[in-house]
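Here are the chains, one letter per residue:
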Amino acid sequence: MEDRILTSLVATSRRLMAWARKFPKKRFIYPELRRIDEEYYIGIKGLRGVGKTVLMLQFAMETSKSLYFSADSTLIKPFSLYEVVKAFSTLGYRNIFIDEIHRKPGWAEDLKTLYDEHEVRIFFSGSSTIDILHSGADLSRRVVLRELPPTSFREWLNIRKGMEVPIHRLEEVISKPFDLTNMYMELHVLWREYMERGGVLYPESGFYDALENSVRRVILEDLSALREINVKYETDAYRLLYLVAKSAPFEVNYSSIARELGVSKNMAIRLVDDLSKAGLIYTLQPCDNVRKEPELYLTVPLRMFFAKKGFNVHLGALREEFFINHLRWVTEPCYLKGKRGEKTADFKVGDWVIEVGGERKRRYQKQDYTAVDGLLTGNSRIPLFLFGLIY
């Protein structure tokens, strides 16, 4: 590699690390990443806009002999990942941070070779679709891969609003709703704003333009790692997201998707699976019947984003989406659905059965708690916004 290219990349690395100092708050997985044994490479995957780049730059700033570059830089287009890293290794860099690694062909094989040579340690980020177990290279024993989820309500408050709200474990939210509600009562009014602009960390100015561009890139670029993308596939993917966004809970299933999009049921299942792997959709599984179809939720704030295209959002779906988007990162919730004509609570979370709704939501038989959209506690009610503090 030419010296001028290396010099330019080093200068960009230093400039971006200096820029990242503007963001002192760190995502919740940062301490865990710092504790990972130095024997392993570290990979961070996640949806665009959740803070992977800033997280890597923060990590690089606190690591000696480190350098950052993005794998989609035009400067390194003619070179393999292996060639780029080896060039920096000869300059004395021992910790290399690579952003958007999935954009570089042959990245998995290059990582394996670099690991086996033991000259540098690699930290990398990539799309939610990255799967090291099926990458074609044996990385499972060499790389610790962690997913960075969208920002929780708590993290959004700390990063966007300058607060210092600590993590409150799920067990604490369940057992101490009165105390936590008194402590954080003023946060409730910010719930709706979070649902509109939470999850991702794009600048306030141009937020929805950036989000729209991100969704488009996920469909056109990230999903190309799973299958060939054509115009019809792109259109069907968008229409599926719209369909979920404007629907009430339990209204969308594989058959309704196939009928609405004019595709086979197998294609509907494939679309849901692809968008789930890409981080745009979450499929919540049934608790007691594996033959039932999953319930579909969008990642925050996609439901409100699509709603701005011209339809009213179902408030019940919005509440459930907030609840599930948080619970799924700390446990494995599942949904309950009774027999025809039988009313049941919504979800099972560990040993608890929880219904989600407004303050006047009725209690069902065998229900432990109600996550309510309000501030009332007592009678097994837990204010819904408190579940946004669990990570």
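Residues numbered from 1 in each chain as written. Predicted model: local features only at pLDDT ≥ 70, side-chain atom pairs only at ≥ 80, totals over all residues. Heavy atoms only, no water.

1. Concerning the overall build of the chain
A tally of regular secondary structure across the chain gives 15 helices and 12 strands. Overall, the C-alpha framework of the chain stretches about 70 × 50 × 40 Å when taken along its three principal axes. Here the chain holds 391 residues, and the buried ones make up 53% of them. Counting only contacts in the chain whose residues sit at least 6 apart along the sequence, the fraction spanning at least 24 positions is 70%. As displayed, the chain has an accessible area near 18200 Å², and 47% of this comes from carbon and sulfur atoms. Counting 59 positive and 52 negative side-chain charges, the chain places the averaged centre of each group 3 Å from the other. (Helix = DSSP H or I, 4+ residues; strand = E, 2+ residues; numbered from the N terminus. Buried < 20%, exposed > 50% of the residue type's maximum accessible area, 1.4 Å probe, protein only. Contact = heavy atoms within 4.5 Å. Areas by Shrake-Rupley, 256 points an atom, 1.4 Å probe, with all protein chains shown as cover. Lys, Arg positive; Asp, Glu negative; His and termini not counted. Charge placed at Lys NZ, Arg CZ, Asp CG, Glu CD.)

2. Let's talk about the nonpolar core
Counting 57 residues, the largest nonpolar core has Leu240, Leu241, Ile257, Leu275 and Leu280 as its most contacted members. Take this core: its biggest share by element is 8 residues, from helix α11 (residues 231–245). When sequence neighbours within four positions are dropped, the list of residues in contact with Ile257 reads Leu240, Leu243, Val252, Ala268, Val272 and Leu296. Judged by nonpolar contacts, the second largest core, of 38 residues, contains Trp156, Tyr184, Tyr335 and Ile390. (Core = buried A, V, L, I, M, F, W, Y, C linked by side-chain atoms within 4.5 Å.)

3. A word on the pattern of salt bridges
Enumeration according to the criterion identifies 28 salt bridges in this entry. Connected through shared salt-bridge partners, Arg48, Glu100, Arg103, Arg217, Glu221 and Asp222 make up one network. (Salt bridge = Lys/Arg side-chain N within 4 Å of Asp/Glu carboxyl O.)

4. Overview of the sheet that holds strand β11 (residues 369–372)
Taken in spatial order, the 5 strands line up as β8-β9-β10-β11-β12 in an open sheet, and their pairing is mixed. This sheet does not close on itself; its edge strands, each paired only once, are β8 (334–335) and β12 (381–383). In this sheet, strand β9 (residues 347–349) lies alongside β8 in antiparallel orientation, the contact comprising 2 bridges. The residue of β9 that forms the bridge with Cys334 is Lys348. (Pairing = 2+ DSSP bridges.)

5. Quick word on the packing of helix α1 (residues 3–20) against helix α3 (residues 52–61)
In the contact formed by α1 and α3, the axes pass within 9 Å of each other and the chain directions differ by 100°. Regarding the angle of α1 to α3, the classification is roughly perpendicular. The segment α1 lies against α3, with Leu16, Met17, Trp19 and Ala20 engaging Val54, Leu57, Ala60 and Met61. Looking at the contact of α1 with α3 residue by residue, the class counts come to 8 nonpolar, no polar and no charged. (Axes fitted to C-alpha atoms, helices over the stretch in contact; angles between N-to-C directions. Parallel < 35°, antiparallel > 145°, perpendicular 65-115°, else oblique. Nonpolar A, V, L, I, M, F, W, Y, C, P; charged D, E, K, R; others polar.)

6. Quick notes on α1
The terminal C-alpha atoms of α1, which comprises 18 residues, lie 26 Å apart, in line with the 26 Å expected from a rise of 1.5 Å per residue. In this structure, the buried residues of α1 make contact with α3, β2 (66–70) and α4 (81–90). (Expected span 1.5 Å × (residues − 1).)

7. Considering the pairing of strand β1 (residues 41–45)
Among the 5 residues of β1, 5 are classified as buried, and the element is accordingly described as predominantly covered. Side chains of β1 alternate between two faces, with Tyr41, Gly43 and Lys45 and Ile42 and Ile44 buried alike. Judged from the 5 bridges that link them, β1 and strand β5 (residues 143–147) form a sheet pairing that is parallel. Counterpart to Lys45 in the pairing with β5 is Glu147. Both β1 and strand β4 (residues 121–126) contribute to a ladder of 4 bridges, which runs parallel. In the sheet register, Lys45 faces β4, and the bridge partner there is Gly126.

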